[in-house]
Every structure is written in structure tokens, then in C-alpha cells.
Number of protein chains: 2
Amino acid sequence: MGGDHGLPVTIPAAISFVNREPDAELILVGLEDRIRAELQKHKALNHPRLSILHASEVVTMDDALEVALRRKKDSSMRVAIQLVKDEKARACVSAGNTGALMAISRYVLKTMSGVERPAICSILPNQKGGPTYMLDLGANVDCEPHHLHQFAIMGSALVAAMEDVAKPTIGLLNVGAEDIKGTEVVKQTAELLRADHASGLLNFYGNVEGSDIFKGTTDIVVCDGFVGNITLKASEGLARFFKSVLTAELKSSVFSLLGALLARAALKRISRRLNPSRYNGASLLGLRGLVFKSHGGADIYSYEWAIKRAFDAVKYDVMSRIANKMQGLMPHDGQS
Amino acid sequence: MGGDHGLPVTIPAAISFVNREPDAELILVGLEDRIRAELQKHKALNHPRLSILHASEVVTMDDALEVALRRKKDSSMRVAIQLVKDEKARACVSAGNTGALMAISRYVLKTMSGVERPAICSILPNQKGGPTYMLDLGANVDCEPHHLHQFAIMGSALVAAMEDVAKPTIGLLNVGAEDIKGTEVVKQTAELLRADHASGLLNFYGNVEGSDIFKGTTDIVVCDGFVGNITLKASEGLARFFKSVLTAELKSSVFSLLGALLARAALKRISRRLNPSRYNGASLLGLRGLVFKSHGGADIYSYEWAIKRAFDAVKYDVMSRIANKMQGLMPHDGQS
């Protein structure tokens, strides 16, 4: 039900995904009548791998956490997460209110052993052609060193599972590469990570700068949710700006239009490689269950990527692989 | 002498700039023999508007602040800033160590009345076609609300002077637009800014998100130096990534090459509009004198933009306009 566009985006994306992926089954959670109408519109009302589960309420983007969590007990978000808890679904995908999604997920699913604060982790494209995993992207605006330390551990476990890399490299986002740079929180986090590196638990590369995210210097970039959210949104904004300049200039004359026509295969590849839609679908990390957050403004194509991300996480059994990995990595005094 | 490339970048940029700008006079500060040799190479040894001032030492990128400030008293950086102090130069431009440039500038020039911490302010392009001024970009990694408040005042004074806007709009960089979002520091800063807005001192728009920087939602974006530095460098990294994808894909086939040839005017305009070089030259704001910092990695073209930025600031009498503006804006209990 969520996101800026609601069902006109989420339903067609769901239909397209199940048609593309014969092993996928989706349960559409929300206002039954409206879901039914939207399915009908796309002639998919009787799709064998699409079912509907009615939920009478919807968490809005403006709902306070308190309202989402305590009052709307039959919200689509809550019911969908409960499906994961009850093992009737293997993952939950939502484009709704991020704060509410995190709060309800924590409340219903609980955090993994040793995790104090779940984090939001997403991937960004880099110049090496691979993904850079970045966390936290907004769940925790104020972080202590041990929180950032846990993010590094969770990120490491996720990348090990998703990318099949034994010891993914971890970079700590900072204003410079040198140890003396940065805030006290970052300096103390670096000390914790250096200790883990020395004992062979984690592969800590050191401090990285903003530019390293897109260079692909490390597999994982760790930061607090304030910096992460702002950096991510600034990058998305810049990507949109690029695209608008590219489009406007190529349409500016007959010559450039002709040129664009000739180079259209290349332009298509450029657009595909730089398309932020492909990187939609952030994982809520550190929970006892898989929950994925789509960008609120996602279009159909983009929302389908978020579903695919969740599907792949199930396929690669990321949940138990992370849990196993975490057990080995978490400091024993940090057990909750 | 500074930057990643030193004289092979700074000297040709200086020559190009004085040739383009008949009112400009530049004093080249540093190791005389090497400057002389570089000028000779470009047949500009006897240029009537280029002079050399010898300084026997050079601050390196690795020098600790202590070394730059206390030991290297005859560094090119120190000597150049002293020229501004002595009113023998109207502005100083450097591509050197940012921390050292700020520390020496503070020590030699002192801060303006009411300014506790100078900030680094630069411009970024936005979709509206204008510049977005952003500060702080790295001088202050840990900030209190009253520091961010001062940055807003300084930024407002700078934009009023540079862009001739009476009441430039100010956005506070945050993880969401709503008042309840963000860290305690940001929330308290918003309160200070709302009070200034109510009394008509500043034009506070409210919270802005990362994407608003490139949308051009506000004339000024205020943040601490940690977030600002990381966001700026991430954006620069993404711009480089974008350029490399564009170049690689357009060269990938005969058709796309032909297309690129036909659309070359458009591609040139794209490259020009997105060229970060045009936005080189950050001002060190809040000092009793004009100091501009070029990106360390700047090429000749880019370094010339930093010189131009300093030249324009002198031409528009930014220094006294800011000082006047600041007197009206600074809270009287904040006087130092």
C-alpha cells in the first residue's frame, strides 16, 4: 500500500516479477478491494502465484511511530511483517514509511542476538563494476562507536552471504584517510575495527572518503545513519541532475538528436549502468527475518528490483548465513 | 607550491588567468628558482602582471598543523596569507593542505567579530541552473548548534554579496523535512534559525535533504564539516564515475562514436555543465581577509577557476559587504 504511488506501482511490479520468476510466490497485503481492482486492471486477478491478504489499515508517511506501532495494529505493514514472523512468508518488501517499517520490524521480529540497533543497508554502483554496500542509511542518526562497530559486523556478514566473499573489506567513512582525522566517534570506531582486524575477525581497510564509495575502494562502507542518508540522497539527486542535463542537451539540436539516435545503444547502456532503480531495495539488517525497503518514490521497474533483491536474499539463504556469521563475529560481551 | 601537482598546474593557470583578465595582478609565492623555471618554460618570465615573492619553505599535505603553524614560518602559505594581512594582496589562493591553510589563516588574519569558527564554503551546480552554496565543507567536524547558526549567518552574508540577493534562502541539511527529524544538534540549530527567521534577520527555509543540494531548493545549505566534506567528496566521486561511463560507452562502437561526433556540441555542453572544475575554489569564511582553497587535485583549468573566484570576490568587494552584513546579523551575545 505504501510509497508515493501505492498500488499503481506495487501491483504491476508484483505481476511483472512473478511472471519473470517462475519460483516466486507473492502475498499482496493491504486493502483487499483496492488490490483486487488493481489486479483486475492488469488482468491478473486469478494469477496462480499471487494471493491477497486483507489488512484494514495503512501506515501513512506522516504517521508518528507511536501511531504506526501501537494504534494501527491491522496495518498492511504490520500484517506483512507478521507473515515473516509466522514463517508464512520468507521476506517482506515495503515502499512505506521507513521509520515505521523499522520500528514494527524490530517489535515483531526482534533483533538478532548481539545486535543493539538494526541498520539499513543498500548497494551503490562503483567504478569497478561491482556494488558497494553502505550502512547505516538512516535508521540511526546518533551513533556510538559500538553501534558503528556492529554495523561493520552485520555488513560483513551480509556481503559474505550475498557476494560469496570470505572476508569482505570494510571502510569507515571519514573526512580523510589518516587516523587522526574525524570525529571522536569515528576515531574510537576505527580502534575497535583495527582490533578486529588484528585478531582476524574482520577485514578492516581503514578510513575511506566520500569519493571511495563510487570508486569501490572497499566492499562495505560504514557510517552513521545521518551521514549515510544525506550522502545517499545527495547522490540520487546528482544522478537525476545528470540525467536531466544529458536529456536536455541531446534534444537541443537536430545534429545532437541524430547523434543520440546513432549512439542509442550506448546511451541505453549508460542509462542502464547509471539507473538508480537497479539499486533499489535496502535491507533492514540485524533482524530475525528479512525485510526490504523500497524507495518511496520508486516506479514500477524500480519496485520490481526491490522485490528481486528480497527474492535473491531468500534464494541465497542470506538469513541463516548472516546469523551463523554473526555468531562468530559478535563480541561476547555485546550479547543482548 | 601546493596541491597534488604543484607548480606545473598553478603557474600555467596563473599565466592563463592574467592573460584573460587585464585587471588582474598575481604575486606567485614560493621557491623562487622553481617558480622562475616554470615561468620560463611558458615564456612568461617577464610578464608585467606576474611577480615572484620568495618563500623558503613548503607546507606538505602530511604536515601536522603544529609543524605548519609553528615551525615553517617562511612557508609559501604563511607568506601569501601575510600579504593579505599586510594589504599587499587582496586575496590568497592555495591548493595546499586545507587544515594548515585554515589554521594559518586564522592565526594570521584572525576571525571576524562574532565568528567563533571559520567555515569552508563552496558552490555546487543545481538543476535550476544556479549555484547552491554549501558550508561547512570540512573545517569543523564536531559542531554545536551555535556554530551551525553562525555558518548560516556567514553563508547568508556571502551569498547576499556574491549573488546580489537581499535575503538568500537557507536550508539546514537533515535526514528529512519534518521538524522532528535529525540529531539533537540539528534540531536545536533549527530552533535558532526559526527565531532569526521570525525576527526577519535570516530567510530560513527549513530542513532540506541531500537531494535538495542539486535541486537548488535553497541558495544556501548548512551542515557540519563532517557531513559536508563527505557529501561533497561523494558527489565528486559520482561525477567522475558518470564521466567514465559516458566516455567508455560512447567509444564502444563505430555507431556510438559516429553518434558522439554528430552530437559533439551537445556533449561538450554536457561536459561543461557537469564539469566540477567550474566549481573549484572554496572560500574560507569568517576571516578578516579573503582566502580561497582550490581542490588539491585541480588541473590547470580548474585551478584557474579558483583564481577567478578569488578575483571576483575582490571585484564585488565581498569582504566589506560580508563584514557589514555580519554586523547586523550576529547576535550581540555572540561577540568575541
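Each chain carries its own residue numbering, running from 1 in the direction its sequence is written. Following the order in which they are written, the chains are lettered starting with A and the ligands numbered starting with 1. For a predicted model such as this one, the threshold for reporting local features is a pLDDT of at least 70, and the threshold for listing and counting side-chain atom pairs is 80 or more; totals across whole chains, interfaces and linings nevertheless cover every residue. Only hydrogens and water are set aside; all other atoms, that is, all heavy atoms of the structure, feed into the side-chain values.

A.B. asks: Please set out the relation of the copies chain B and chain A residue by residue, giving values where relevant.
C.D. replies: Superposing the two chain copies requires a rotation about an axis and a translation along that axis. Least-squares fitting of one copy onto the other uses the C-alpha atoms of those residues that reach a pLDDT of at least 70 in both copies. Each copy of the sequence occupies a distinct position, and chain B is placed on chain A by a rotation of 180° and an axial shift of 0.0 Å, giving an RMSD of 0.0 Å. Viewed as a symmetry operation, the transformation between the two copies matches a two-fold axis. When C-alpha distances to the rotation axis are compared across chain B, the minimum falls at Gly259 of chain B, with a value of 1.8 Å. We call two residues in contact when some of their heavy atoms are within 4.5 Å. Most of the interface of chain B is mirrored in chain A, where 100% of its interface residues are also at the interface.

A.B. asks: Tell me about the interface of chain B and chain A, and please be specific about residues and values.
C.D. replies: Listed per partner, the contact involves 50 residues of chain B and 50 residues of chain A. Carbon and sulfur atoms make up 75% of the surface buried where chain B meets chain A, a total of about 4,800 Å² over both sides. Take a side-chain nitrogen of Lys or Arg and a carboxyl oxygen of Asp or Glu: if they are within 4 Å of each other, that pair is a salt bridge. Across the contact surface, chain B and chain A share two salt bridges. A salt bridge links Glu209 of chain A to Lys233 of chain B; its shortest N-O distance comes to 2.2 Å. Breaking the side of chain B that touches chain A down by element, the ones donating at least two residues are α7 (184-198), α8 (210-215), α9 (225-250), α10 (254-262) and α11 (264-274) of chain B. Looking at which element gives the most residues to the side of chain B that touches chain A, the answer is α9 of chain B, with 20 residues. A quick way to say it: buried area is the sum, across both parts, of accessible area lost when two parts are put together, with a 1.4 Å probe. Helix numbering and strand numbering both begin at the N terminus, where a helix is a DSSP run of H or I of at least 4 residues and a strand a DSSP run of E of at least 2.

A.B. asks: Quick one: what's the story with the sheet that holds strand β9 (residues 282-285) of chain B, residue by residue and with numbers?
C.D. replies: Residues and elements named next belong to chain B. Strands are treated as partners if at least two bridges between them are detected by DSSP. Pairing is mixed in the open sheet, where eight strands are placed in the order β3-β10-β9-β4-β5-β8-β6-β7. One side of each edge strand has no neighbouring strand; the edge strands of this open sheet are β3 (91-94) and β7 (203-208). Each adjacent strand pair in this sheet contributes to an overall mean axis angle of 25°, direction not counted. Relative to strand β8 (residues 220-222), strand β6 (residues 169-173) runs parallel, the two being bridged by three bridges. Note on β8: the bridge partner recorded for Gly171 is Val221. Angles shown run from 0 to 180 degrees and are taken between the N-to-C directions of axes, each axis being a line fitted to C-alpha atoms and, for helices, limited to the stretch in contact. Most of the contacts of helix α12 (residues 300-315) go to β3, to which it runs at about 165°, and overall it touches β3, β4 (119-125) and β10 (290-293).

A.B. asks: Account for the packing of helix α9 (residues 225-250) of chain A against α9 of chain B, with residues named and values stated.
C.D. replies: Packing of α9 of chain A against α9 of chain B leaves a shortest axis separation of 9 Å and a crossing angle of 35°. At the point where α9 of chain A passes α9 of chain B, the crossing takes the right-handed sense. Where α9 of chain A approaches α9 of chain B, its residues Phe226, Val227, Ile230, Thr231, Ala234, Ser235, Leu238, Ala239, Phe242 and Leu246 of chain A are matched on the opposing element by Phe226, Val227, Ile230, Thr231, Ala234, Ser235, Leu238, Ala239, Phe242 and Leu246 of chain B. Note on residue categories: nonpolar means Ala, Val, Leu, Ile, Met, Phe, Trp, Tyr, Cys or Pro, charged means Asp, Glu, Lys or Arg, and polar means any other residue, Gly included. In terms of residue class, the contact of α9 of chain A with α9 of chain B is built from 16 nonpolar, four polar and no charged. In this scheme the handedness of a crossing depends on how the near helix is turned from the far one: anticlockwise by less than a right angle means left-handed, clockwise means right-handed.

A.B. asks: Which residues make up the nonpolar core, and what are the values?
C.D. replies: Within soluble globular proteins, side chains that are nonpolar tend to cluster in buried spots. Within the largest apolar cluster, 181 residues are counted, with the highest numbers of intra-cluster contacts made by Leu173, Val222 and Met326 of chain A together with Leu173, Val222 and Met326 of chain B. Setting aside anything within four residues of it in sequence, one finds Leu173 of chain B in contact with Phe226 and Ile230 of chain A together with Met134, Val186, Val208, Glu209, Gly210, Ile213, Val221, Val222, Cys223 and Val227 of chain B. Grouping buried Ala, Val, Leu, Ile, Met, Phe, Trp, Tyr and Cys residues that are joined through side-chain atoms within 4.5 Å yields what is termed a nonpolar core. Relative accessibility thresholds used throughout: buried, under 20% of the residue-type maximum; exposed, over 50%; partly exposed, between the two (1.4 Å probe, protein chains only).

A.B. asks: Before we move on, could you go through the sheet that holds strand β5 (residues 131-135) of chain A and cite the residues and values that matter?
C.D. replies: Strand pairs in the sheet, formed through backbone hydrogen bonds, run parallel or antiparallel to each other. Residues and elements named next belong to chain A. Read across the open sheet, the eight strands follow the order β3-β10-β9-β4-β5-β8-β6-β7; overall the sheet is mixed. Each end of this open sheet is capped by a strand with a single partner; those strands are β3 (91-94) and β7 (203-208). Direction aside, the axes of adjacent strands within the sheet are offset by 25° on average. The sheet contact formed by β3 and strand β10 (residues 290-293) spans four bridges and is parallel. In the strand pairing of β10, Ala91 is matched with Leu290.

A.B. asks: Would you mind going over α9 of chain B in detail, with residue names and values included?
C.D. replies: All names here are of chain B. Relative to the 38 Å expected for 26 residues at 1.5 Å per residue, α9 spans 37 Å between its end C-alpha atoms, a close match to the ideal helical length. Of all the 26 residues making up α9, 21 are buried; the element is thus mostly covered by neighbouring parts of the structure. The N-terminus of α9 is capped by Asp224, whose side-chain oxygen sits 2.8 Å from the backbone nitrogen of Phe226. Given a helix with a known number of residues, its expected span is that number minus one, times 1.5 Å. A 3.5 Å cut-off defines polar contacts: any pair of N or O atoms within that distance qualifies, except that in protein one atom must be a possible hydrogen donor and the other a possible acceptor, and neighbouring residues in sequence count only when both atoms are side-chain atoms.

These results come straight from atomic positions and should not be treated as a statement about function.
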